[in-house]
Amino acid sequence: MNRVKKMLLVFLCIFLAVLLAAAGGFFYLREKGERELKEQLVSGSGDNSDESYVTYNGKRYKYNDNIINILCLGVDKELPIEEKRSSGSEGLSDAVLLVSINLEDKSVRILGIPRDTIVPVKILDTSGNLVGSENGQITLQYAYGQTAQQSCELMCDSVSNLLYQLPIHRYCSLNLLAVPVLNDAVGGVDVKVLEDIDGDHCKLTAGETVHLEGYAALDYIQERDTHVSRTSMGRLERQKQYMRNYFHQAKESVRDNPSLPVEVFQELEGNMCTNITVEDLTYLIPELLDCTLEEDNPEIQGEVTQPGKNEEFHVDQEALKELVIGYFYEEAEGEE
């Protein structure tokens, strides 16, 4: 009996040691993820420089470094994310959504940037060298990258510049093939249809509530009539609505299966380009499970010109600066 007790004690000690090692590894990854998320920017102002301060209406504001910004891009191609289309380009970014996670008040906001927003687009040659810039729709910037990574980095620069050098910490671009995978991984997504959809995989009527599965989800966030004015703006509202509903569904799915994010990341290989790391996920996922997605998401104000296929969206610069200050900055103490 004494020998059995000793063996059980040894096994118990080994088991506890394994648990402590696993816990130690988990907390190490969380700590590293938090540190790197806040320190490593893709684009925008650094937290520890004067550039992280802005002046607005005579007051000085500092960027709220509790906010992590992740740029999410939807690319209009059904090829592997690194494979170029026949035109030789990486494709266009038809969905441009900035997801902002406030780690202090546990809130998440989604800022939708119209694909037709006019910005200075950097022009690169086939060797990836900058040869100039010209005003164009922000969706075009993605096409100039020589790789998916470079395309994402160009988009981060463009969005950051549009939003007054707003820091962007991470990016994630997805092709069309990734949407059904993401959708079905959480068991599908319910939406109240915002406008009639006549897609390749489903036909939906405005006002009805439907459960999107497979390629029906892709139709819902992709379809639009290019011959009708402002349909890209209507599609943007559908994309934001879908992401809000997806967020709620994903939280429940991850609570039931904590390993789901890692499984989905593996399944998306080839259809996704991201600089989000395992350490980032280890830190962010527990935080996101405690977060609430805000319903009063900010909206970029502006004017649509040249109605039709080549529409242009010109932002209201003063309203945009007020939005950026209000959502991402805090008044600096002791400054006037």
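Residues numbered from 1 in each chain as written. Predicted model: local features only at pLDDT ≥ 70, side-chain atom pairs only at ≥ 80, totals over all residues. Heavy atoms only, no water.

Caption draft 1: Molecular detail of the overall build of the protein chain. Scanning the protein chain from N- to C-terminus turns up eight helices and 17 strands. Every one of the 336 residues in the protein chain was classed for burial, and the buried ones make up 46%. Of the contacts formed within the protein chain by residues at least 6 apart in sequence, a portion of 65% connects residues at least 24 apart. (Helix = DSSP H or I, 4+ residues; strand = E, 2+ residues; numbered from the N terminus. Buried < 20%, exposed > 50% of the residue type's maximum accessible area, 1.4 Å probe, protein only. Contact = heavy atoms within 4.5 Å.)

Caption draft 2: Fine view of the sheet that holds strand E4 (residues 93–102). In spatial order, the strands read E13-E8-E3-E4-E5-E14; together these six strands make up an open sheet with mixed pairing. Only two strands of the sheet have a single partner each, and these edge strands are strand E13 (272–274) and strand E14 (292–293). The pairing of strand E8 (residues 170–174) with E13 spans three bridges and is antiparallel. Directly across from Ser173, in E13, lies its bridge partner Cys273. (Pairing = 2+ DSSP bridges.)

Caption draft 3: Summary view of the side chain of Lys251. Turning to its location among the elements, Lys251 is positioned in helix H5 (residues 231–256). Despite its burial, Lys251 pairs with no opposite charge, the nearest such side chain being Glu252 at 6.3 Å. Beyond its immediate sequence surroundings of up to four residues, Lys251 is in contact with Leu288, Leu289 and Cys291. (Lys, Arg positive; Asp, Glu negative; His and termini not counted. Salt bridge = Lys/Arg side-chain N within 4 Å of Asp/Glu carboxyl O.)

Caption draft 4: Inspection of the packing of helix H4 (residues 215–222) against H5 at higher detail. Between H4 and H5, whose axes approach to 7 Å, the crossing angle comes to 135 degrees. Taken together, the axes of H4 and H5 are oblique relative to one another. Of the residues in H5, those in contact with Ala217, Asp219, Tyr220, Ile221 and Gln222 of H4 are Arg235, Arg238, Gln239, Gln241 and Tyr242. (Axes fitted to C-alpha atoms, helices over the stretch in contact; angles between N-to-C directions. Parallel < 35°, antiparallel > 145°, perpendicular 65-115°, else oblique.)

Caption draft 5: Molecular detail of the environment of Glu267. Looking at where Glu267 falls in the secondary structure, it is placed in helix H6 (residues 260–267). Overall, Glu267 belongs to the exposed group, its relative accessible area being 53%. The spacing of Glu267 and Ala185 is 82 residues in sequence and 9.8 Å in space, taken between C-alpha atoms.

Caption draft 6: View of H6. By the burial criterion, the buried members of H6 are Leu260, Pro261 and Val264. Down the axis, H6 shows its buried residues gathered within 100 degrees of arc, on one side only. Where H6 is buried, its residues touch helix H3 (178–185), H5 and helix H7 (278–289). (Arc of directions from axis to C-beta.)

Caption draft 7: Here's a closer look at the packing of aromatic side chains. Using the criterion set out here, one finds two aromatic pairs in the structure. Their ring planes at 80 degrees and their centres at 5.6 Å tell us that Tyr63 and Tyr329 sit as a pair that is edge-to-face. Residue Tyr63 is located in strand E2 (residues 59–63), and its partner Tyr329 is located in strand E17 (residues 329–331); the two are separated by 266 residues in the primary sequence. Just above the ring of Tyr220 sits the side chain of Arg238; from NZ or CZ to the centre is 5.9 Å. In this structure, Lys321 is placed above the aromatic ring of Tyr164, and the distance from its NZ or CZ to the ring centre is 5.6 Å. (Phe/Tyr/Trp six-rings, centres within 6.5 Å; stacked < 30°, edge-to-face > 60°. Lys NZ or Arg CZ within 6 Å of the ring centre and 35° of its normal.)

Caption draft 8: Representation of empty space enclosed by the protein. In the structure shown here, the tally under the stated rule is four cavities of 30 Å³ or more. Around the largest cavity, the lining comprises 47 residues; the ones closest to its centre are Cys72, Leu174, Leu182, Met243 and Tyr246. Counting residues per element, the lining of the largest cavity draws most heavily on H5, at nine residues. Among the residues forming the lining of the largest cavity, the class breakdown is 38 nonpolar, five polar and four charged. Lining the second largest cavity, in full, are Ile67, Leu98, Ser100, Ile101, Asn102, Ser107, Arg109, Ile110, Leu111, Pro298, Tyr327 and Phe328. Within the lining of the second largest cavity, the residues separate by chemical class into eight nonpolar, three polar and one charged. (1 Å grid on protein atoms, 1.4 Å probe; cavity = no way out; pocket = protein on both sides within 12 Å on 5 of 7 lines; lining within 4 Å. Points joined across faces, edges and corners; volume = space filled by probe spheres on them. Nonpolar A, V, L, I, M, F, W, Y, C, P; charged D, E, K, R; others polar.)

Caption draft 9: Expanded view of the environment of Glu279. With respect to the helices, strands and loops of the structure, Glu279 is situated in helix H7. The class for Glu279 is buried, based on a relative accessible area of 17%.

Caption draft 10: Spotlight on unusual backbone geometry. Here Asn57, not a glycine, exhibits a phi torsion of approximately 50 degrees, which is positive. Relative to the helices and strands, Asn57 is located in the loop between strand E1 (53–56) and E2. Among the residues examined, Asn57 registers a relative accessible area of 65% and is labelled exposed. A positive phi is found at Gln165, a non-glycine position, where the angle reads about 60 degrees. Position of Gln165 relative to the elements: it lies in the loop between helix H2 (148–162) and E8. Classification of Gln165 by relative accessible area gives partly exposed; the value is 35%.

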